[in-house]
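# Summary of the model geometry
Listed below, chain by chain, are the residues.
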Amino acid sequence: MLSGKKIVLGITGSIAAYKSVLLLRLLIKAGAEVKVVCTPSVNAFLGELTLSSLSGKSVFSGIWEENWSEHVELGLWADLMIVAPATANTLAKFSHGLCDNALTAVYLAARCPVMLAPAMDVDMYKHSRTQKNLKELESDGCIVLETGEGFLASGLEGVGRMLEPEELYEIIESHFRGSELSGKKILISAGPTQESLDPVRFISNHSSGKMGYALAKAAWYMGADVSLVSGPTQLSPPKGVTFTNVISAQDMFEAVTAEADEQDCIIMAAAVADYTPLTKADQKIKKSGDDMQIPLKRTKDILKSLGEKKPEGQILVGFAMETENELDNAQKKLFKKKMDFVVLNSLRDKGAGFKHDTNKVTIMDQAGNVEALPLKSKEELAGDILQKVIKLFAARKT
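Residues numbered from 1 in each chain as written. Predicted model: local features only at pLDDT ≥ 70, side-chain atom pairs only at ≥ 80, totals over all residues. Heavy atoms only, no water.

Of regular secondary structure, the protein chain possesses 13 helices and 21 strands. Considered along the principal axes of its C-alpha atoms, the protein chain spans approximately 75 × 55 × 40 Å. Buried positions account for 49% of the 398 residues belonging to the protein chain. Taking all contacts inside the protein chain whose residues are at least 6 apart in sequence as the whole, residues at least 24 apart take part in 67%. Of the accessible surface of the protein chain, which amounts to about 19900 Å², a share of 49% is contributed by carbon and sulfur atoms. (Helix = DSSP H or I, 4+ residues; strand = E, 2+ residues; numbered from the N terminus. Buried < 20%, exposed > 50% of the residue type's maximum accessible area, 1.4 Å probe, protein only. Contact = heavy atoms within 4.5 Å. Areas by Shrake-Rupley, 256 points an atom, 1.4 Å probe, with all protein chains shown as cover.)

Bringing the layout of surface pockets into the picture now. Here the largest pocket defines a volume of roughly 1200 Å³. Contributing to the lining of the largest pocket are 32 residues, with M1, Y169, E173, K217 and E379 lying nearest its centre. Put simply, the parts of the chain that give the lining of the largest pocket at least two residues each are α1 (17–29), α8 (165–175), α9 (210–221) and α13 (378–397). Broken down by class, the residue content of the lining of the largest pocket amounts to 14 nonpolar, six polar and 12 charged. Among the elements of the structure, α9, β15 (296–298), α11 (302–308) and β16 (315–322) are those that each provide at least two residues to the lining of the second largest pocket. Sort the elements by how many residues they give to the lining of the second largest pocket and β16 lands first, with four residues. In the lining of the second largest pocket, the residues fall into 16 nonpolar, 11 polar and 10 charged. (1 Å grid on protein atoms, 1.4 Å probe; cavity = no way out; pocket = protein on both sides within 12 Å on 5 of 7 lines; lining within 4 Å. Points joined across faces, edges and corners; volume = space filled by probe spheres on them. Nonpolar A, V, L, I, M, F, W, Y, C, P; charged D, E, K, R; others polar.)

On to the pairing of strand β13 (residues 265–268). With burial as the criterion, each face of β13 is covered, one bearing C265 and I267 and the other bearing I266 and M268. As judged from the four bridges shared by strand β8 (residues 185–190) and β13, these two strands associate in the parallel manner. Its bridge partner being in β13, L187 is matched across the sheet by I266. Of the strand pairs in this sheet, β13 and β16 are connected by four bridges, and their pairing is parallel. When the sheet's bridge partners are listed, C265 is paired in β16 with I315. (Pairing = 2+ DSSP bridges.)

With that settled, the discussion passes to the packing of aromatic side chains. Counted by the stated rule, this structure contains one aromatic pair. Here F94 and Y107 contribute two aromatic rings whose centre-to-centre distance is 4.0 Å and whose plane-to-plane angle is 15°, an arrangement assigned as stacked. Residue F94 is located in helix α4 (residues 88–96), and its partner Y107 is located in helix α5 (residues 102–109); the two are separated by 13 residues in the primary sequence. The ring of W77 carries K35 above its face, with NZ or CZ at 4.5 Å from the centroid. (Phe/Tyr/Trp six-rings, centres within 6.5 Å; stacked < 30°, edge-to-face > 60°. Lys NZ or Arg CZ within 6 Å of the ring centre and 35° of its normal.)

What follows deals with the pattern of salt bridges. In this structure the tally under the stated criterion is 14 salt bridges. The salt bridge involving K217 is made with E173; its shortest N-O contact spans 3.4 Å. Of this pair, K217 sits in helix α9 while E173 is found in helix α8, placing the two residues 44 residues apart along the sequence. Overall, K217 belongs to the partly exposed group, its relative accessible area being 32%. Judged by its relative accessible area of 5%, E173 is buried. Taking the shortest distance from any N to any O, the salt bridge between K185 and E262 comes out at 3.1 Å. One end of the pair, K185, is in strand β8; the other, E262, is in the loop between α10 (249–260) and β13, with 77 residues separating them in the sequence. (Salt bridge = Lys/Arg side-chain N within 4 Å of Asp/Glu carboxyl O.)

So, in structure tokens, the structure goes:
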């Protein structure tokens, strides 16, 4: 999501600086280009070698060295500057326009948004002067983040803890949220369903939910109002989406159809069971004999129901997991269930399908277009699928 974004990470002398290393790693892993700027006191907590090794770039920490003018270049280069941790001392300098080190120089030269993650002891944070500084920085246009609450390095307990790296990463991601799908309501289903045999056992499939969750995150990142309806998975719901947890195919049917009419787009990425036990035993079924027969009945076909009742202008997308005659089977499903386009998976493709972090699909639409995509991460593929949705929205608008 942050691929290609240029971020200046400012680090000040605080015990919380160790969290900055983890934040830096998350940003680099996400594809961001990060340049680190430190105050002189950071050396008491972190070595520059660690930071330069992770970022792949030299650390800017001295304004009287050969690269003394780098503060101007960084101020023009960055899409975002985040100072984490931001100590009371550095916040005071920012607030009063002081410029005595590399970080304060970059701050004054920055033309990009500046995000501040305070970190200090509880009494320092609550001090009236610190609070005034924070308010003045907000009035100057800085994005001042809240602090966490808990045990502090001093031994006291209270506010003043810098937010955790994962929290800061999510905030940075939210900052770069796009607008391609702004104003659109999108419902996405994900994961498997579980069809109970008795209080202990169930019938299910190998779906991990990764594709649907990647779609939900990408759609939210593009500005959509996202509802995610998910069967049981080991995944955490993406930040910002409305989440509904379901178990069975019937649960999925009820949750999806309850919201269907108000959606601009529905993407059914869930692997919903086609059959469910005719009856569910009240008690655990005990072993008896060598064989066991389980009568099954058809579940409600969610995609077919959505296609039959689809409001005008709504885009309906489905997935087809096939093991043979892939194109023919997917095309039949496309027309029979009145989808706008179908995303075909084949279990015969290495690295595609259930549980993988990658996928290889073919997209087929009502106009007869067939687009085979190469193997790529499910996050990248989510972007491709949503770009197809965006193009359909644009075509219908014109």
